[in-house]
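Structure at a glance
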Amino acid sequence: MFGRAVSRLETVRVLLVEDDPDIRVGVERAFVAAGLAVDIATGISEASAALVIYKYGVVVADRMVPDGDMIDFVRRLRTAGDTTPVLFLTAKDATQDRVEGFRSGGDDYLVKPFSVEELVERVRALGRRGDTLRTPIVTVGEFVIDTARAEVRRNDILIPLTAKERCILLALAHNAGLVLSRDQLIEHCWDEARDPNSNVVDVHIGGLRRKLGPPNPVETVRGAGFRLRPGLS
C-alpha cells in the first residue's frame, strides 16, 4: 500500500516508486526536506493505484521493481494519454538503457549512485515543465474521459456516470490491456474500508456496462477481475 509523507512547504507532489528500503527512505527524506510532497509505491501495482487516485507533478521510478519493468508501465501511461513527467532512477547505465527509457516516454534518467541534491533539482525542473504538459483528457478507443469536467463520452455522445463509475472506467483506461482485480478497484475508487465479500464492485460494473451500452467494453476475466476489452485500447 502506498503511503504519504508531506512537508509544510508543499510545492510539487511526487510519486516515488522504489522497492529498496534504504534508497526509498533516503530519497523520501530529501524530498520532504526540500519542500516536496511524497507518496511511496514499491511496484507497478501500487503506482497504478496511486496515479488513479491522485494527480502528481512528477513520478520518480526505479526501472526494475518486483512486479516488472517500469518502462512498460510508462509506455502504457503515455498510450492512455497521461503526460505526468517521469524520471527513471536506476542502476541500468548503458547508453541503450537510457535510450530505451526516453523512447518509452520517460522525461529524465538518473543513474545510481546519484547526488540527492541533483535529484531534487531535476524533480523541481520536471515539476515546472509538467505544469504546461499535463492534460485532463484520457482517450481510449471510442471513449474520451475528461477528468476536469467529470465527463465521459463514447463516440462523442455524453454518458452520465456516477463518480464511482467514472473512477472504475478511468482505472481501467489507465491500465488498458491489464486485468484489475476487485481489490485493486476498491483500493482505487473507495476511500472507506469494504467487506471483502461485498459485491459492490460487481454492482457498479453492471451499472457502468448498462450506461456505456453495446458493444460491452468491460470484460470479466474469470477468477481475476476486469479489463477493457482487447482491441478497445
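Structure's up top.
Report on the accompanying structure.

Digging into the pattern of salt bridges
- This model, assessed by the stated rule, comprises 18 salt bridges.
- With a shortest N-O distance of 2.9 Å, Arg182 and Asp202 are connected by a salt bridge. Note that Arg182 is positioned in helix α7 (residues 182-189) and Asp202 in helix α8 (residues 200-212), a separation of 20 residues in sequence.
- We classify Arg182 as partly exposed; its relative accessible area is 32%.
- Here the salt bridges do not stand alone but share partners, grouping Arg63, Asp69, Asp72, Arg75, Lys92, Asp97 and Glu100 into one network.

Considerations on the sheet that holds strand β11 (residues 151-154)
- Read across the sheet, four strands follow the order β9-β10-β11-β12 without closing on themselves; strand pairing throughout is antiparallel. A strand with exactly one partner marks an edge of an open sheet, and here the two such strands are β9 (137-140) and β12 (157-159). The average angle at which neighbouring strand axes cross in this sheet is 25°, direction not considered.
- One ladder, built from three bridges, connects β11 with β12; its direction is antiparallel.

Focus on unusual backbone geometry
- In this structure, the amide linkage connecting Lys112 to the following residue, Pro113, adopts the cis form with an omega of -5°.
- Note on placement: Pro113 falls in the loop between β8 (108-111) and α5 (116-133).
- Notably, Asn155 is not glycine yet its phi reads approximately 50°, a positive angle.
- Take Asn155: it is sitting in the loop between β11 and β12.
- For Asp156, which is not a glycine, the phi torsion comes out positive at approximately 70°.
- Among the structural elements, Asp156 can be located in the loop between β11 and β12.

So, how was this worked out
- Residues numbered from 1 in each chain as written.
- Predicted model: local features only at pLDDT ≥ 70, side-chain atom pairs only at ≥ 80, totals over all residues.
- Heavy atoms only, no water.
- Salt bridge = Lys/Arg side-chain N within 4 Å of Asp/Glu carboxyl O.
- Helix = DSSP H or I, 4+ residues; strand = E, 2+ residues; numbered from the N terminus.
- Buried < 20%, exposed > 50% of the residue type's maximum accessible area, 1.4 Å probe, protein only.
- Pairing = 2+ DSSP bridges.
- Axes fitted to C-alpha atoms, helices over the stretch in contact; angles between N-to-C directions.

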